[in-house]
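Below are the chains, spelled out letter by letter.
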Amino acid sequence: GAGVSQTPSNKVTEKGKYVELRCDPISGHTALYWYRQSLGQGPEFLIYFQGTGAADDSGLPNDRFFAVRPEGSVSTLKIQRTERGDSAVYLCASSLRQDYGYTFGSGTRLTVV
Amino acid sequence: KQEVTQIPAALSVPEGENLVLNCSFTDSAIYNLQWFRQDPGKGLTSLLLIQSSQREQTSGRLNASLDKSSGRSTLYIAASQPGDSATYLCALTWGGKLIFGQGTELSVKP
């Protein structure tokens, strides 16, 4: 597609529920990144895929968070047993090569009540 | 560990002023540096990308500079307009991923 697409744009869930957030990168971009942004803060790195594999998942806060990219294109960020502290905007970015920079999607605003 | 700091955290200026936003980083071994704009409730829009071998990039009224040796980048906005009001984020590629500063919230008053 022309840009990075993230769905849903907004998600409200109850504490303890499971959620999935989807990212559809720019066609042909092999690198895909997930970030989390809390109010008034810069985005924080969660996980980075190169192709189908997670090249760096050092930013995932705990084992409730998991992400997949089974065919090297669309990625899904999965959060189990959601907590109120998980409320944030989750951003996805893709890149063809590092020296071409990164393109971000509009994000998914997750609210855990 | 790489730390990115943006000063000031917030800035309010009258329309027409030239202004400078600052970004500093602790590890100079960066691959490149990118400035983004973020409007309230929106995603990130890329403004300028500077490779580690470059000193500056320009786009319209925007000019970004990079000094790796001192660990600094600046974003210069000429003749500011109310439409420039947004949060400006600097991010650098380090260790294979983007590391962001906390942003500068800019308000340009008509």
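To be clear, the structure that these remarks concern was listed above.
What counts as what
Residues numbered from 1 in each chain as written. Chains lettered and ligands numbered in written order. Predicted model: local features only at pLDDT ≥ 70, side-chain atom pairs only at ≥ 80, totals over all residues. Heavy atoms only, no water. Buried < 20%, exposed > 50% of the residue type's maximum accessible area, 1.4 Å probe, protein only. Helix = DSSP H or I, 4+ residues; strand = E, 2+ residues; numbered from the N terminus. Pairing = 2+ DSSP bridges. Phe/Tyr/Trp six-rings, centres within 6.5 Å; stacked < 30°, edge-to-face > 60°. Disulfide = S-S within 2.5 Å. Axes fitted to C-alpha atoms, helices over the stretch in contact; angles between N-to-C directions. Core = buried A, V, L, I, M, F, W, Y, C linked by side-chain atoms within 4.5 Å. Contact = heavy atoms within 4.5 Å. Buried area = accessible area lost by both parts, 1.4 Å probe. Salt bridge = Lys/Arg side-chain N within 4 Å of Asp/Glu carboxyl O. Polar contact = N/O pair within 3.5 Å; in protein donor to acceptor, adjacent residues only side chain to side chain.

> Is there a simple way to explain the pairing of strand E8 (residues 72-77) of chain B in this structure?
Side-chain positions along a regular strand alternate between the two faces of the sheet. All names here are of chain B. Burial of the side chains of E8 is restricted to one face: Ser73, Leu75 and Ile77 are buried, whereas none of Arg72, Thr74 and Tyr76 on the reverse face is. Both strand E3 (residues 19-25) and E8 contribute to a ladder of six bridges, which runs antiparallel. The residue bridging serine 24 from the neighbouring strand is arginine 72, located in E8. Linking two consecutive strands that pair antiparallel, namely strand E7 (residues 62-67) and E8, is a turn of four residues; a positive phi of about 65 degrees is found at glycine 71 within it.

> Quick question: what am I supposed to make of the packing of aromatic side chains here?
The relative placement of two aromatic rings is captured by the distance of their centres and the angle of their planes. Scanning the model with the defined rule gives eight aromatic pairs over all chains in all. On the basis of an interplanar angle of 75 degrees and a centroid distance of 5.8 Å, the ring pair of Tyr35(A) and Phe45(A) is categorised as edge-to-face. Of the two residues, Tyr35(A) is situated in strand E4 (residues 31-37) and Phe45(A) in strand E5 (residues 44-50); the sequence distance between them amounts to ten residues. For the residue pair Tyr35(A) and Phe45(A), the accessibility class agrees, reading buried in each case. Ring geometry for Phe104(A) against Phe36(B): centres 5.3 Å apart, planes inclined by 85 degrees, an arrangement best described as edge-to-face. Of this pair, Phe104(A) sits in strand E10 (residues 103-104) while Phe36(B) sits in strand E4 (residues 32-38), which puts the two residues in different chains.

> Help me out: how do you make sense of the state of the cysteines in this one?
Such a bond, covalent and formed between the sulfur atoms of two cysteines, is termed a disulfide. Residues and elements named next belong to chain B. This model, assessed by the stated rule, comprises two disulfides over all chains. Across the disulfide, cysteine 23 is cross-linked to cysteine 90 (sulfur-sulfur distance 1.8 Å). A residue pair is termed long-range when its members are at least 10 positions apart, and cysteine 23 in strand E3 and cysteine 90 in strand E9 (residues 86-94) qualify at 67 residues. Residue cysteine 23 is classed as buried on the basis of its relative accessible area of 2%.

> Just to check I follow, could you spell out the sheet that holds strand E7 (residues 65-68) of chain A for this structure?
Strand pairing in a sheet relies on backbone hydrogen bonds. The paired strands run either parallel or antiparallel. All names here are of chain A. What the four strands build is an open sheet, ordered E1-E3-E8-E7; its pairing is antiparallel. Single-partner strands in this sheet number two, and they are strand E1 (5-7) and E7. Across the sheet, the mean angle separating the axes of adjacent strands is 15 degrees when strand polarity is ignored. Pairing of strand E3 (residues 19-24) with strand E8 (residues 75-79) involves five bridges; the strand directions are antiparallel. By the bridge assignment for E8, cysteine 23 is matched with serine 75.

> Sorry if this is basic, but what is going on with the nonpolar core here?
One recurring pattern in soluble globular proteins: nonpolar side chains tend to sit buried together. Membership of the largest hydrophobic core comes to 23 residues, with the highest contact counts inside it found for Trp35(B) and Leu75(B). Breaking this core down by element, the ones donating at least two residues are E3, E4, strand E5 (44-51), E7, E8, E9 and strand E11 (104-109) of chain B. Non-local contacts of Leu75(B), meaning those with residues more than four positions away in its chain, are made with Leu19(B), Val20(B), Leu21(B), Trp35(B), Leu47(B), Leu48(B), Leu62(B), Asn63(B), Ala64(B) and Tyr88(B). Counting residues in hydrophobic clusters, the runner-up holds 20 residues, among them Trp34(A), Leu46(A), Ala67(A) and Tyr90(A).

> So what exactly am I meant to see when it comes to the interface of chain A and chain B here?
As a measure of interface size, the accessible area lost when the parts come together is often cited. Listed per partner, the contact involves 21 residues of chain A and 21 residues of chain B. Of the roughly 1500 Å² buried between chain A and chain B, counting both surfaces, carbon and sulfur atoms make up 51%. Contact with chain B buries area across many residues of chain A, yet Gln98(A), Tyr102(A) and Phe104(A) alone supply 33% of it, more than any other trio. Taken together, chain A and chain B are joined by one salt bridge. Two residues, Lys97(B) and Asp56(A), come together in a salt bridge whose shortest N-O distance is 3.0 Å. The interface formed by chain A and chain B includes five residue pairs in polar contact (both at pLDDT 80 or more).

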